[in-house]
Amino acid sequence: MGNWVWTFFSLCLFIGYANGQSVIINPYARDYHSLNGDWNVIIDPTGIGEWRQVWLEKKSERKTDFFEYSFDGGPVLKVPGDFNSQKCELTYFEGTVWYRKLFSYTPKAGKRAFLHFGAVNYLAEVYLNGEKTGSHEGGFTPFQFEITDKVRSGVNSLVVKVDNNRQANGLPGYGYDWLNYGGITRDVGLIETNNDFISDYSIQLKKGSLNTVLGWVQLNDALDKQSVTIKIPELNLALKSKTDKSGMARVEFTADIELWSPGNPKLYEVIIESKTDVVRDNIGFRCIEVYEGRVILNKKPIFLKAVNVHEENPYSGSRAFSKKDAHILLSAAKELGCNLVRLAHYPHNEHMVREAEKIGLMVWDELPVYQHINFSDSVVPVKMETMLTEMIHRDKNRCGVVIWSLSNETYPHTPDRNKELISLTKKCRAIDSTRLITHVINTQRYENNTFNVWDSLYRYSDIISINEYIGWYVPWQGKPSETKWKLNFPDKPVFISEFGGEALFGSDYGPTDEAAYWTEEYQANIYKNQIELFGTVPNLCGVCPWLLFDYRSLGRMHPVYQSGYNRKGLLSEKGEKKKAWYIMQEYYKGK
Ligand code: GCB
């Protein structure tokens, strides 16, 4: 297909987004009926279920009828939840699993019904009562299908084909350093609405302002001249507006607002009303900017005390999806002394983002544009843009989200990489210019104890984000405290987005005094040296160790020290604190 066709297709997606033809936001505040729980599954390593059309669920009526599949009597998996951690035989599985849920429903006059998926990793095809309702690509963002005309009175059968095979043109692509849990990994629900409803809204401070709020409310349809009200009871506000021809109502108001910050995570109850709908949200207001090489929150410089986090419950070794999981990860980040969590390397579940905001952690949201991306495949830019719009769509009202990170460690020498990432950056800024944008890069040179940061992509980033593993993958070349820096954009803030090394909790030097890889001391030394190095970084605006907990990664094969785990955690997967934890905690205390 020609490039222009994709450009057109991608434009349609964008227009679709801008017109609110997308997922109903704030799903849990709606008339939401959970479809979580036990789902019957067919594990289909060869993909033959497609040929057998298992979604039709044909059953033997007579003893002579022959069918070689059935959901009944087979294995059961919990939803939400990844499949890899629920059955031994699925631990390393990358392939197709068919899920089926039977649910009862009573259609109501004047109501519409939508199936809402928090996320399915990676490809999803959805069938209701044997009929295809749609498909979705991308493992970390929500999607929905209207089923008003398809849902039956009585028992309904919902079948989802989940395929987590690696895709050459997928996001992520073939290679990544984590266990990319497959399955229906987030909540599934049926949302009921009135015929006309509020599908989307954005209520945040105007760029650069501390007291002026810009907002819009989008109805599901292009309903002109409809009244919409935004109420913030605590501020005694009730702002009225009317929709335009596209069904969007805009508001702008100034108020004496108590601002959100990590030290004061103030959220206001906001009530959005139309003639036929009411949605409640908890929304905070803050202003994030860069100025003279610093990151500025609410007009005051702030040092980003961050930590990298994967979406994994360390204790159960499974994909994190619940509020409870979020609190395991977030409370550890808080205890370390953080004010920001980098949610690596893909958008985490909505509970995680909301809970972080509630307890005073800023959030770095990231796209799964990771390392081995095939930028010259014409579908890749379209997928990047779709995931970008889906991520921003879901999180745009979260004041806690301060950074959109659009890529991690992509290679500048790959064709079309700059062109596509620059274009993605421009699209991101066009959708949301109120947050900071970054790309994470590890291609800086480190020679003669000097960092040479040259990647031209930084021209388009608000923050220069650098991954460097000096002391681990790369040896020190001089005293860390004497490190020199050459920056191609010396006026921009610099963030060390990854550093660290691996250590198995409890391993020490042993009988020799020699500092050995994999020991806690070795890791602790890396941290001590890194802290020395931080003192040399011009415009340092924050640091972010890789990472909070040890986590599962298939490529980590050392049988003694790793056993399928990336051991760069400050905490083991059991929550045990390594020596480097205390060094980092001390550093953050002093900041
Ligand atoms: C990186 C990647 C991260 C890896 C880490 C490592 O640079 O961004 O995803 O897991 O290094 O441990 O090597």
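Residues numbered from 1 in each chain as written. Predicted model: local features only at pLDDT ≥ 70, side-chain atom pairs only at ≥ 80, totals over all residues. Heavy atoms only, no water.

Student: Outline the overall build of the protein, listing residues and values.
Tutor: Counting secondary structure elements, the protein contains eight helices and 35 strands. Relative to the 2.2 N^0.38 estimate, which gives 25 Å for 591 residues, the radius of gyration of the protein is 25 Å and therefore close to what a compact globule would have. Oriented by its inertia axes, the alpha-carbon framework of the protein measures out at about 75 × 65 × 45 Å. Out of the 591 residues in the protein, the part that is buried amounts to 61%. Long-range pairs, those at least 24 residues apart, make up 73% of the contacts in the protein between residues at least 6 apart in sequence. Total accessible area on the protein stands at roughly 23400 Å², and carbon and sulfur atoms take up 52% of it. (Helix = DSSP H or I, 4+ residues; strand = E, 2+ residues; numbered from the N terminus. Rg over C-alpha atoms; globule rule 2.2 N^0.38 Å. Buried < 20%, exposed > 50% of the residue type's maximum accessible area, 1.4 Å probe, protein only. Contact = heavy atoms within 4.5 Å. Areas by Shrake-Rupley, 256 points an atom, 1.4 Å probe, with all protein chains shown as cover.)

Student: Tell me what's going on with the nonpolar core, and back it up with residues and numbers.
Tutor: Counting 70 residues, the largest nonpolar core has Val341, Trp485, Ile496, Val543, Leu548 and Met584 as the members making the most contacts within it. Once residues within four sequence positions are removed from consideration, Val341 is found in contact with Val307, Val309, Leu330, Ala333, Ala356, Leu361, Met362, Val363 and Trp364. Residues Trp39, Leu77, Phe93 and Val97 belong to the second largest nonpolar core, which totals 29 residues. (Core = buried A, V, L, I, M, F, W, Y, C linked by side-chain atoms within 4.5 Å.)

Student: Kindly report on the UniProt feature "domain: Glycosyl hydrolases family 2 sugar binding" (unreviewed entry) in the protein, identifying the contributing residues and their values.
Tutor: Listed under "domain: Glycosyl hydrolases family 2 sugar binding" (unreviewed entry) in the UniProt record, and renumbered for this structure, are residues 79-192. This span, residues 79-192, is 0% helix and 44% strand, and a straight line between its end C-alpha atoms measures 20 Å. (UniProt positions renumbered as here; feature names shortened; annotations may be inferred.)

Student: Give a description of the packing of aromatic side chains that names residues and reports values.
Tutor: Tallied over the entire structure, the rule returns 31 aromatic pairs. Ring geometry for Trp472 and Tyr517: centres 4.6 Å apart, planes at 50°, overall tilted. Of this pair, Trp472 sits in the loop between β30 (463-467) and β31 (484-487) while Tyr517 is found in the loop between β32 (494-498) and α7 (520-534), placing the two residues 45 residues apart along the sequence. Judged by relative accessible area, which is 6%, Trp472 ranks as buried. (Phe/Tyr/Trp six-rings, centres within 6.5 Å; stacked < 30°, edge-to-face > 60°.)

Student: Please give an account of the site of the ligand that cites residues and values.
Tutor: Neighbouring the ligand are 14 residues, the closest being Asp177, His345, Glu409, Tyr473 and Lys568. A distance of 3.2 Å separates an oxygen atom of the ligand from a polar side-chain atom of Arg556. Taking Asn566, its side chain carries an N or O atom lying 2.9 Å from an oxygen atom of the ligand. Burial of the ligand by the protein chains amounts to 95% of its free accessible area of 320 Å². (Near = heavy atom within 4 Å. Polar contact = N/O pair within 3.5 Å; in protein donor to acceptor, adjacent residues only side chain to side chain.)

Student: So, unusual backbone geometry: which residues are in play, and what are the values?
Tutor: Across residues other than glycine, the phi torsion is negative in most instances, and most of the peptide bonds are trans. Between Val79 and the following residue, Pro80, the backbone shows a cis peptide bond with an omega angle of 0°. Along the chain, the position of Pro80 falls in the loop between β3 (76-79) and β4 (96-105). Each neighbour pair has its own omega, and for Trp546 with Leu547 the value is 0°, a cis peptide bond. With respect to the helices, strands and loops of the structure, Leu547 is situated in the loop between β33 (540-543) and β34 (551-552). The phi dihedral of Asp416 falls on the positive side, at around 70°, and the residue is not glycine. Here Asp416 lies in the loop between β26 (401-408) and α6 (417-431). One non-glycine residue with positive phi stands out, namely Trp518, at about 75°. Looking at where Trp518 falls in the secondary structure, it is placed in the loop between β32 and α7. By relative accessible area, Trp518 is classed as buried at 15%.

Student: Give me the lowdown on the sheet that holds strand β12 (residues 212-219), citing residues and values where you can.
Tutor: Here we have three strands laid out as an open sheet, ordered β11-β12-β15, and antiparallel in their pairing. A single partner strand is all that each edge strand has here, and the edge strands are β11 (198-205) and β15 (248-254). Adjacent strand axes in the sheet meet at a mean angle of 10° when their direction is disregarded. Two strands pair when backbone bridges link them, and β11 and β12 are joined in this way by seven bridges, in the antiparallel orientation. Across the sheet, Leu205 pairs through a bridge with Val213, a residue of β12. (Pairing = 2+ DSSP bridges. Axes fitted to C-alpha atoms, helices over the stretch in contact; angles between N-to-C directions.)

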